[in-house]
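# Coordinate inspection notes
Below, each chain spelled out in residue letters.
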Amino acid sequence: MSKKYVYLFSEGNASMRELLGGKGANLAEMTNIGLPVPQGFTITTEACTQYYEDGKINDEIMNQIEEGIVKMEEITGKKFGDLENPLLVSVRSGARASMPGMMDTILNLGLNEEVVEVIAKKTGNERWARDCYRRFIQMYSDVVMEVGKKYFEALIDKMKEERGVTQDIELTAGDLKELADQFKAEYKAKIGVDFPDDPKEQLYGAIKAVFRSWDNPRANVYRRDNDIPFSWGTAVNVQEMAFGNWSDESGTGVAFTRDPATGEKKLMGEFLINAQGEDVVAGVRTPQPISALKDVMPEVFEQFEKVCSILENHYHDMQDMEFTIQDRKLYMLQTRNGKRTAKAALKVACDLVDEGMITPKEAVLMIDPRNLDTLLHPTFDQKVLKETPVLSKALGASPGAAAGKIVFTAEDAKEWAARGEKVVLVRLETSPEDIEGMKSAQGILTVRGGMTSHAAVVARGMGTCCVSGCGDITMDEENKRFTLKGKEYREGDPISLDGSTGNIYDGIIPTVDATIGGEFGRIMAWADEYRTMNVRTNADTPKDAAKAIELGAQGIGLCRTEHMFFEADRIAAFREMICADTLEERENALDKILPMQQKDFEGLFKACKGYPVTIRFLDPPLHEFVPTEEEDIALLAESQRKTVEQIKAIIDSLHEFNPMMGHRGLRLAVTYPEIAKMQTRAVIRAAIKVNKENPELNISPEIMIPLAGDATELKYVKDIVVAVADEEIKNAGVKLDYEVGTMIEIPRAALTADDIAKNADFFCFGTNDLTQMTYGFSRDDAGKFLNAYYDRKIFEQDPFAKLDQIGVGKLMKIAIQLGKESNPNLHLGICGEHGGDPTSIEFCNKIGLDYVSCSPYRVPIARLAAAQAAIKQTK
Ligand code: PEP
Ligand code: MG
């Protein structure tokens, strides 16, 4: 039998969401449980996908829609275009995941001049009939033919002005008839042909428009932000109209069974008398609170309350409903699990458990981990935010809300913040030198760079808001100014950033601090019961580590030691090391750093309270550490007893054409083993010292060697580390267990993981570099062309933010299989940015990682995502 593309509401149910979309599945479910639903049919999401494949609605689907219409006519006893008893319908989109306001809706379809006359006469309600027609022309023109709404709104405003009225409902039947004529004339002027009279032609136009709206720009952005694949498609629901604009005893509204902002258990919502759905959304009139329906139509209110309770008990979740009242009769047009704030999500989940409606496991599954972000960072005052237009949009690289005065250098950020100013640091891109300025800023905005750029990674680690890769900015760093959307911004000008959406706003939007309620802890405790993977953090300072532990981290999965070398007290010594001519000079410089580095590690071990700590040895190319300012170069020359020219020559010699594939990672330890030796001493001495002072912590450090690509190369460095570590332990006369592992960041390491694993106690997947090396995309520059990839549907997601499970994931699976074969005790983690992304975490769970490691503020997200992954996997 051929595929079924069209289902009557009576043929579906709630479990058919993938095929019927959320709206279609729930209309069917409400029909099944006997609620008052105007009947109709759903055209499946597969029909939408087929439409995109064929570039048209093919004959088979057309035939099934025709059959659907015939059946609908039988059920309703009405006929399309009939002059006795005409059928009018709404046509609405409905994807698998709800995408509020992203796609299109057409109401009152099936009308033409003749039909309007008939229904006006037959019902004796001419005003209603005329109102429906003018609405239909307006919506059809806008949605199907893309003639802008504004032309029609201008005509309505003109008419109201001429009649001396302020409200649409004050227009008479005659006025509305005249408006419909004006609308049709406007349509002809814009499109060049008459407005279609044939209801079937109207219907097919509307169905196509809904399919098309799946690919409109706002839907595309929403899908990318919410992990909804294009391939899901949208369903189309064709439903008999119920008329909220029938009379003053009619109306339409939306309601939630609980407060979507706070989660409080009370009916929330609003309605408008004598109106249709779009009036509520469009704000044409101010709606009344739902509680007022009790006074206007008490028996309808009572029935509605009952329906709400039936729906909540049925779906075991907070419902968001649309309804229409026609002549005091209630019709349900939609129900869905309501969108809610993170705070409300936690409260609703806990309340539902307490009310016996759901189990803790179901509570864990019902919260979107990404939502937790907003609980941990400051957010904008929602009222002000709503009224503020978005100036520009780039990558939401690190969540939070930031508002402050623009500064252009890290030094200014530090200086201005020290005198109490709130600043936003705007840079072409950030570099490790900027770290202190970044710490002082409320937020960071960069012109270049993707989700794993320096700015993004460091900001996430610090929990600071960051928007990266804003290519719309024309930057003039030298003169401390930039232009964005035609406006020039100078030092001190106010700007606001939303690090979750990537939105940039002109001026200051007030922010509200994060508050974490008791429900957060309850949900997290349940999540911890179900998850099997551990969650560690990427942290380089005791402060960040302590924050992460407070948020539930079970140790450190990645300490990027290079960040420590930028601290003011040691950068000079490090630069001395870089500029040294002899081994002796280098060792002297490293000797100065050793005690400081040891202190760093002692701090981390203590902050982690006995949880494992993985310390990664120096990774970036050395040129990142050398001074760029003339002043600093002169200082260095003086301390090195060299000329400025000599220092500049050294700096030049460090230049590489491809630094990310250059002299970095363990290659530094191959050429300068003394660096690895110093770091090993610092780790081992710190562990011995902390264990002595706090034996209960029982620290056994994990040393991680970055960027291995070859087993012999890794063995060379590992042997150096082990020799020094064992010597230190022997000299101290203590017992200390430690591990030496490596990062898997280079495809060759994954492909030869059996050999690599012979010299590694653990693998930690550095998926930032692994993605970079697998795709051959520069992690700092890919943002420049990835938008073109999204527009052309080559990519739906940024592979630096969401793990490429097909390619990079395959390498990970190969590495795990080969690695475990030769070293069954090998333990496995991930510390690339993907370790904090829910869908990537689900994949990590599937392929058998022992832990994910992410920035401190993502730890709760990872805990919840890991729990959901474990629950789904056992299902
Ligand atoms: C990685 O490459 O994924 C990683 C964690 O290392 P870094 O981001 O420091 O290169
Ligand atoms: Mg790396």
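An account of the accompanying structure is given in this report. (Residues numbered from 1 in each chain as written. Chains lettered and ligands numbered in written order. Predicted model: local features only at pLDDT ≥ 70, side-chain atom pairs only at ≥ 80, totals over all residues. Heavy atoms only, no water.)

### Describing the sheet that holds strand 25 (residues 556-560)
One closed barrel holds the eight strands; their spatial order is 24-25-26-27-28-29-30-31, and the pairing between them is parallel. Across the sheet, the mean angle separating the axes of adjacent strands is 25° when strand polarity is ignored. Judged from the three bridges that link them, strand 25 and strand 26 (residues 613-616) form a sheet pairing that is parallel. Paired with Cys 559 across the bridge in strand 26 is Ile 615. Docked against the sheet, helix 35 (residues 859-874) engages strand 24 (534-538) and strand 31 (851-854), running at close to 155° with respect to strand 24. (Pairing = 2+ DSSP bridges. Helix = DSSP H or I, 4+ residues; strand = E, 2+ residues; numbered from the N terminus. Axes fitted to C-alpha atoms, helices over the stretch in contact; angles between N-to-C directions. Contact = heavy atoms within 4.5 Å.)

### So, a negative patch on the surface
Judged by side-chain charge, Glu 114, Asp 197, Asp 198 and Glu 201 come together as a negatively charged surface patch. Position of Asp 197 relative to the elements: it lies in the loop between helix 7 (173-191) and helix 8 (199-213). (Patch = residues over 30% accessible without salt bridge, like charges linked within 9 Å, V, L, I, M, F, W, Y side chains within 5 Å. Areas by Shrake-Rupley, 256 points an atom, 1.4 Å probe, with all protein chains shown as cover. Salt bridge = Lys/Arg side-chain N within 4 Å of Asp/Glu carboxyl O. Lys, Arg positive; Asp, Glu negative; His and termini not counted. Charge placed at Lys NZ, Arg CZ, Asp CG, Glu CD.)

### A few points about the coordination of the magnesium ion (ligand 2)
The magnesium ion (ligand 2) binds to the protein through Glu 745 (OE) and Asp 769 (OD); the donor distances cover 2.0 Å. Of the two residues, Glu 745 is situated in the loop between strand 28 (739-744) and helix 29 (747-751) and Asp 769 in helix 31 (residues 767-775); the sequence distance between them amounts to 24 residues. Exposure class is identical for Glu 745 and Asp 769. Each is buried. (Donors = N, O, S within 2.8 Å, 3.2 Å for Na, K, Ca; no water. Buried < 20%, exposed > 50% of the residue type's maximum accessible area, 1.4 Å probe, protein only.)

### A closer look at empty space enclosed by the protein
Taken as a whole and assessed by the stated rule, the structure comprises three cavities of 30 Å³ or more. Here the second largest cavity defines a volume of roughly 80 Å³. Surrounding the second largest cavity, Phe 617, Leu 618, Gly 665, Leu 666, Leu 668, Ala 669, Ile 675, Ala 676, Gln 679, Ile 705, Pro 706 and Val 717 form its lining. Residue assignment for the lining of the second largest cavity shows that the elements contributing at least two residues are helix 26 (666-671) and helix 27 (673-693). The residue inventory of the lining of the second largest cavity, partitioned by class, reads ten nonpolar, two polar and no charged. (1 Å grid on protein atoms, 1.4 Å probe; cavity = no way out; pocket = protein on both sides within 12 Å on 5 of 7 lines; lining within 4 Å. Points joined across faces, edges and corners; volume = space filled by probe spheres on them. Nonpolar A, V, L, I, M, F, W, Y, C, P; charged D, E, K, R; others polar.)

### Focus: the sheet that holds strand 6 (residues 251-256)
The antiparallel open sheet is built from five strands, whose spatial order is 8-7-6-9-10. The open sheet has two edge strands with one neighbour each: strand 8 (288-289) and strand 10 (329-337). As judged from the six bridges shared by strand 6 and strand 7 (residues 268-273), these two strands associate in the antiparallel manner. Counted as the bridge partner of Phe 256 is Met 268 from strand 7.

### Some details on the pairing of strand 21 (residues 494-498)
Of all five residues that make up strand 21, four are buried, and the element is covered over most of its length. Where strand 14 (residues 401-407) lies against strand 21, five bridges are found, and the strand directions are antiparallel. Directly across from Ala 401, in strand 21, lies its bridge partner Asp 498. Taken together, the three bridges between strand 21 and strand 22 (residues 503-506) define a ladder with antiparallel strand orientation. Bridge pairing in strand 22 places Leu 497 opposite Ile 504. Counted along the chain from strand 21 to the antiparallel partner strand 22, the turn is four residues long, and its residue Gly 502 has a positive phi close to 85°.

### Quick notes on the packing of helix 34 (residues 838-846) against helix 35
Helix 35 packs onto helix 34 with a crossing angle of 50° between their chain directions and a minimal axis gap of 9 Å. Judged on the interaxial angle alone, helix 35 and helix 34 are oblique. Where helix 34 crosses over helix 35, the two elements pack in a sense that is right-handed. Side by side, helix 34 and helix 35 meet where Pro 838, Ile 841, Glu 842, Asn 845 and Lys 846 of the first sit next to Ile 861, Ala 862, Ala 865, Ala 866, Ala 869, Ala 870, Lys 872 and Gln 873 of the second. Tallied by class, the residues present in the contact of helix 34 with helix 35 amount to eight nonpolar, two polar and three charged. (Parallel < 35°, antiparallel > 145°, perpendicular 65-115°, else oblique. Left-handed = near helix turned anticlockwise from the far one by under 90°.)

### Focus on the side chain of Lys 184
With respect to the helices, strands and loops of the structure, Lys 184 is situated in helix 7. Of note is the side chain of Lys 184, whose polar atom sits 2.8 Å from the side chain of Glu 113. If sequence neighbours within four positions are ignored, Lys 184 has contacts with Glu 113, Tyr 133, Ile 137 and Phe 195. (Polar contact = N/O pair within 3.5 Å; in protein donor to acceptor, adjacent residues only side chain to side chain.)

### Some words on the packing of aromatic side chains
Applying the stated criterion to the full structure yields 26 aromatic pairs. With 5.4 Å between their ring centres and 75° between their planes, Tyr 140 and Phe 195 make a pair best called edge-to-face. Here the residue Tyr 140 occupies a position in helix 5 (residues 126-144), and Phe 195 occupies one in the loop between helix 7 and helix 8, the gap between them amounting to 55 residues. A relative accessible area of 5% means that Phe 195 is categorised as buried. Cation over ring: Arg 223 sits above Trp 214, and NZ or CZ is 4.3 Å from the ring centre. (Phe/Tyr/Trp six-rings, centres within 6.5 Å; stacked < 30°, edge-to-face > 60°. Lys NZ or Arg CZ within 6 Å of the ring centre and 35° of its normal.)

### Digging into the site of ligand 1
Of all residues adjacent to ligand 1, which total 14 residues, the nearest are Arg 560, Glu 745, Gly 766, Asn 768 and Arg 779. Here an oxygen atom of ligand 1 sits 2.7 Å away from a polar atom, N or O, in the side chain of Arg 560. Separating an oxygen atom of ligand 1 from a backbone N or O atom of Thr 767 is a distance of 3.0 Å. For ligand 1, whose unbound accessible area comes to 280 Å², protein coverage reaches 96%. At the level of secondary structure, the elements contributing two or more residues to the shell around ligand 1 comprise strand 25 and helix 31. Of the residues in the shell around ligand 1, the class split is three nonpolar, four polar and seven charged. (Near = heavy atom within 4 Å.)

### Observations regarding the packing of helix 6 (residues 149-163) against helix 7
For the pair helix 6 and helix 7, interaxial distance at closest approach is 10 Å and the crossing angle is 145°. Remark: the crossing between helix 6 and helix 7 carries right-handed chirality. When helix 6 is examined against helix 7, the residues Tyr 151, Phe 152, Leu 155, Ile 156, Met 159 and Arg 163 are found in contact with a partner set consisting of Asp 175, Glu 178, Leu 179, Gln 182, Phe 183, Glu 186 and Lys 190. When grouped by side-chain class, the residues that make up the contact of helix 6 with helix 7 number seven nonpolar, one polar and five charged.

### Some remarks on the pattern of salt bridges
Summed over all chains, the structure comprises 74 salt bridges. Between Arg 135 and Asp 131 there is a salt bridge, with its nearest N and O atoms 2.9 Å apart. Of this pair, Arg 135 and Asp 131 are both found in helix 5, four residues apart, which corresponds to roughly one turn of the helix. A residue is classified by how much of its surface remains accessible, and Arg 135, at 4% relative accessible area, is buried. A residue is classified by how much of its surface remains accessible, and Asp 131, at 3% relative accessible area, is buried. Of the charged contacts in the structure, one is a salt bridge between Arg 340 and Asp 317, with a shortest N-O distance of 2.9 Å. Placement of the pair is Arg 340 in the loop between strand 10 and helix 13 (342-354) and Asp 317 in the loop between helix 12 (298-315) and strand 9 (319-326), with a sequence separation of 23 residues.

### Brief notes about the nonpolar core
Among the nonpolar cores identified, the biggest contains 147 residues, and Phe 605, Phe 765, Met 812 and Leu 849 are the most heavily contacted of them. The element contributing the most residues to this core is helix 27, with ten residues. Beyond its immediate chain neighbours, meaning those up to four positions away, Met 812 contacts Phe 765, Thr 767, Leu 770, Leu 803, Ile 830, Phe 843, Ile 847 and Leu 849. In this structure, Leu 8, Ala 97, Ala 180 and Trp 246 belong to the second largest nonpolar core, which totals 71 residues. (Core = buried A, V, L, I, M, F, W, Y, C linked by side-chain atoms within 4.5 Å.)

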